[in-house]
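As a plain string of letters, each chain reads:
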Amino acid sequence: MNRVFPIGVAMIGAALLSACGGGRAAGPTIAPATLTQIGVNSYLWRASLDTVSFAPIAQADSNGGVIVTDWYVNPADPSDRVRVSVAILDATLRADALRVSAARQRLQNGTWVDAPVAAATVQRLEEIILTRARDLRRAARG
């Protein structure tokens, strides 16, 4: 077996790796939220997905910033179900860049009937998403 080939490969690899470090950065530092391929704030997107992960996702469009869950039936109350929609409206991490809505239904006589959703429920979901997004941003910055 020829021993020159593995040594040559190792030398080429070392030369390539040595060229990777020690130089200046090639441009200004960009905030991590703008480095993604999605059309909305990445922290809000990830936080929204984390927050609504209790329900199956029916639709998720990262370019449009829309997440819609399927109906979620609470195991503690099988006669009650909820569906959540999240819209991220901007690429910046701001409270007004987030819209959450929810629909609720109750099972009555074998038919699902629309029921009101408490306003505090939607506000609480928004608060959870915003808090989680801020935590993700802090963790990314070190």
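Details of the structure are given in the entry above.
Residues numbered from 1 in each chain as written. Predicted model: local features only at pLDDT ≥ 70, side-chain atom pairs only at ≥ 80, totals over all residues. Heavy atoms only, no water.

Caption draft 1: Geometry of the pairing of strand 4 (residues 80-88). Two elements, strand 2 (residues 66-69) and strand 4, share three bridges in a ladder whose sense is antiparallel. Counterpart to I67 in the pairing with strand 4 is V86. Sheet analysis places strand 3 (residues 72-73) next to strand 4, joined by two bridges and oriented antiparallel. Note that in strand 4 the partner of V73 across the bridge is R81. Linking two consecutive strands that pair antiparallel, namely strand 3 and strand 4, is a turn of six residues. In terms of strand pairing, strand 4 meets strand 5 (residues 98-108) through nine bridges, oriented antiparallel. Paired with V84 across the strands is A102, a residue of strand 5. (Pairing = 2+ DSSP bridges. Helix = DSSP H or I, 4+ residues; strand = E, 2+ residues; numbered from the N terminus.)

Caption draft 2: Examining the nonpolar core more closely. If you look at the biggest cluster of nonpolar residues, it comprises 20 residues, and the most contacted ones within it are L44, V86, I88, L98, V100 and I129. Counting only elements with at least two residues in this core, the list comes to helix 2 (42-51), strand 4, strand 5 and helix 3 (119-141). With six residues, the top contributor of residues to this core is helix 3. With near-sequence residues (within four places) excluded, I88 lies in contact with V40, N41, L44, W45, S48, G64, G65, A97 and L98. (Core = buried A, V, L, I, M, F, W, Y, C linked by side-chain atoms within 4.5 Å. Buried < 20%, exposed > 50% of the residue type's maximum accessible area, 1.4 Å probe, protein only. Contact = heavy atoms within 4.5 Å.)

Caption draft 3: Fine view of unusual backbone geometry. Here the phi dihedral of N109 falls at roughly 55 degrees; this positive angle occurs in a residue that is not glycine. N109 gets classed as exposed once you look at its relative accessible area, which sits at 83%.

Caption draft 4: Quick look at the side chain of T69. The topology assignment puts T69 in strand 2. Taking relative accessible area as the criterion, T69 reaches 1% and is therefore assigned buried. At a separation of 2.9 Å, a polar atom in the side chain of T69 contacts the main-chain amide nitrogen of V84. Not counting residues within four places of it along the chain, the set of residues in contact with T69 comprises V52, A55, P56, I57, A58, R83 and V84. (Polar contact = N/O pair within 3.5 Å; in protein donor to acceptor, adjacent residues only side chain to side chain.)

Caption draft 5: Inspection of the pairing of strand 1 (residues 57-61) at higher detail. When strand 1 meets strand 2, the two strands line up antiparallel, connected through four bridges. By the bridge assignment for strand 2, Q59 is matched with V68. What sits between the antiparallel neighbours strand 1 and strand 2 is a turn of four residues, in which G65 has the positive phi angle 75 degrees.

Nothing here speaks to function; it is geometry throughout.
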